[in-house]
Amino acid sequence: MHKLILYTSFIGQENIILPICQSTNQFALDLCEQQAPQEGTAVLTFHQTAGRGQRGNTWQSEAGKNIALSVILKPGFLEISKQFYLNIITSLAVYETLHSFLQEDLKIKWPNDILCCEKKVSGILIENIIRGSRIAYSVIGIGININQDSFDYPQAASLKNFTNQEHDLYALSASLLKHLEEQYLILKAGHYNALKSVYLQRLFRYGDLAAYQLPDNSLFEGRLVGVQEDGRLLLIVEEEVKAFDFKEIRFVYGL
Ligand code: BTN
């Protein structure tokens, strides 16, 4: 018997809770292609077996310990050139959800990882279905490490690692849905500048000089000064502002 008690008006009101699922994003994308789901439909599991991550990576998660959620939005109002705002609102929603438990050193790492003390607690994968010049469906995929004790990657951590207590996966999922709806409504109301400015306030390394890596493995230093409307990261490198695509740059830690 599940207990998803919702505080939303449309996000999650239609929900599919799966005891096990390969990828909630794939399940949601299939729904979009086959069934014209209503906006806000959520696909939720605590046991995802073939989660998809960014850069073609997998997203691994121990059974029964973590949240894997995909929410179907229909942001027909949003120009394709502004689709990065979907990353912004999703990052802010996850940030707000975790902020109730983790006040210190919670950051958004561009474009949309959530870090606590420089460890990744949450990852986001947004997959859009474009029809004509509009986004017909956006599948907002969110993985949050909640009760998992240990990870294969030293850069990963869970909420429990920081709070030393177990958390209710249903209650956190409901809170996440509420925060996502709030942020989505701010976007729908057209408050782009406000969203961008809150995102920058919470951005890891904003204003700082740090090391980055290019695809040829070479390292360079840059100061993170912003994010372009198209989502590219802006760094000052040797006194010149340069924009970087997600595939063009990696953050370097510990130099
Ligand atoms: C990343 O690489 O950081 C993004 C990870 C995104 C994982 C989530 S879990 C729910 C949804 N379903 C998937 O298959 N992936 C996303």
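Just so we're clear, the structure is a prediction, and the values are computed from it rather than from any experiment. (Residues numbered from 1 in each chain as written. Predicted model: local features only at pLDDT ≥ 70, side-chain atom pairs only at ≥ 80, totals over all residues. Heavy atoms only, no water.)

**Q** What should I look at first to understand the sheet that holds strand S14 (residues 250-251) in this one?
**A** The strands that make up a sheet are held in pairs by hydrogen bonds between backbone atoms, and each pair lies either parallel or antiparallel. Strand order in this open sheet of five strands is S13-S12-S11-S10-S14, and the pairing throughout is antiparallel. Two strands in the sheet have a free side with no partner beyond their single neighbour: strand S13 (240-244) and S14. Where strand S12 (residues 233-237) lies against S13, five bridges are found, and the strand directions are antiparallel. Across the sheet, residue Leu-235 finds its bridge partner in S13, namely Lys-242. (Pairing = 2+ DSSP bridges. Helix = DSSP H or I, 4+ residues; strand = E, 2+ residues; numbered from the N terminus.)

**Q** Teacher, can you tell me more about the site of the ligand here?
**A** Of all residues adjacent to the ligand, which total 20 residues, the nearest are Ser-23, Thr-24, Arg-52, Gln-54 and Lys-120. Here a nitrogen atom of the ligand and a side-chain polar atom of Thr-24 are 3.0 Å apart. Asn-25 places a main-chain nitrogen or oxygen 3.3 Å from a nitrogen atom of the ligand. Isolated, the ligand exposes 410 Å² of accessible area, and the fraction of that covered by the protein chains is 98%. Those elements that place two or more of their residues in the shell around the ligand are helix H1 (24-35), strand S3 (51-52), strand S5 (67-73), strand S8 (119-131) and strand S9 (134-144). In terms of residue count, the dominant contributor to the shell around the ligand is S8 (four residues). Residue classes in the shell around the ligand are distributed as six nonpolar, eleven polar and three charged. (Near = heavy atom within 4 Å. Polar contact = N/O pair within 3.5 Å; in protein donor to acceptor, adjacent residues only side chain to side chain. Areas by Shrake-Rupley, 256 points an atom, 1.4 Å probe, with all protein chains shown as cover. Nonpolar A, V, L, I, M, F, W, Y, C, P; charged D, E, K, R; others polar.)

**Q** Would you take a moment to explain the nonpolar core for this structure?
**A** Among soluble globular proteins, nonpolar side chains are generally buried collectively. If you look at the biggest cluster of nonpolar residues, it comprises 63 residues, and the most contacted ones within it are Val-71, Leu-98, Trp-110, Leu-187, Tyr-199 and Leu-235. The greatest single-element share of this core, amounting to ten residues, is contributed by helix H2 (residues 84-99). Apart from the residues within four sequence positions on either side, Val-71 is in contact with Ile-11, Gly-40, Thr-41, Ala-42, Ser-138, Val-139, Ile-140, Leu-177 and Leu-180. Counting residues in hydrophobic clusters, the runner-up holds twelve residues, among them Leu-18, Ala-28, Ala-136 and Val-139. (Core = buried A, V, L, I, M, F, W, Y, C linked by side-chain atoms within 4.5 Å. Buried < 20%, exposed > 50% of the residue type's maximum accessible area, 1.4 Å probe, protein only. Contact = heavy atoms within 4.5 Å.)

**Q** How do you make sense of the packing of aromatic side chains when you look at a structure like this?
**A** Each pair of aromatic rings is reported with the distance of its centres and the angle of its planes. Tallied over the full model, the rule gives eleven aromatic pairs. Relative to Tyr-199, the ring of Phe-84 has its centre 5.9 Å away and its plane inclined at 90 degrees; by these criteria the two rings are edge-to-face. A residue pair is termed long-range when its members are at least 10 positions apart, and Phe-84 in helix H2 and Tyr-199 in helix H5 (residues 192-201) qualify at 115 residues. The interplanar angle of 70 degrees and the centroid separation of 6.0 Å between the aromatic rings of Trp-110 and Phe-246 together place this pair among those described as edge-to-face. In this pair, Trp-110 is assigned in the loop between strand S6 (106-109) and strand S7 (113-116) and Phe-246 in the loop between S13 and S14, connecting sequence segments 136 residues apart. For Phe-246, a relative accessible area of 23% translates into the label partly exposed. (Phe/Tyr/Trp six-rings, centres within 6.5 Å; stacked < 30°, edge-to-face > 60°.)

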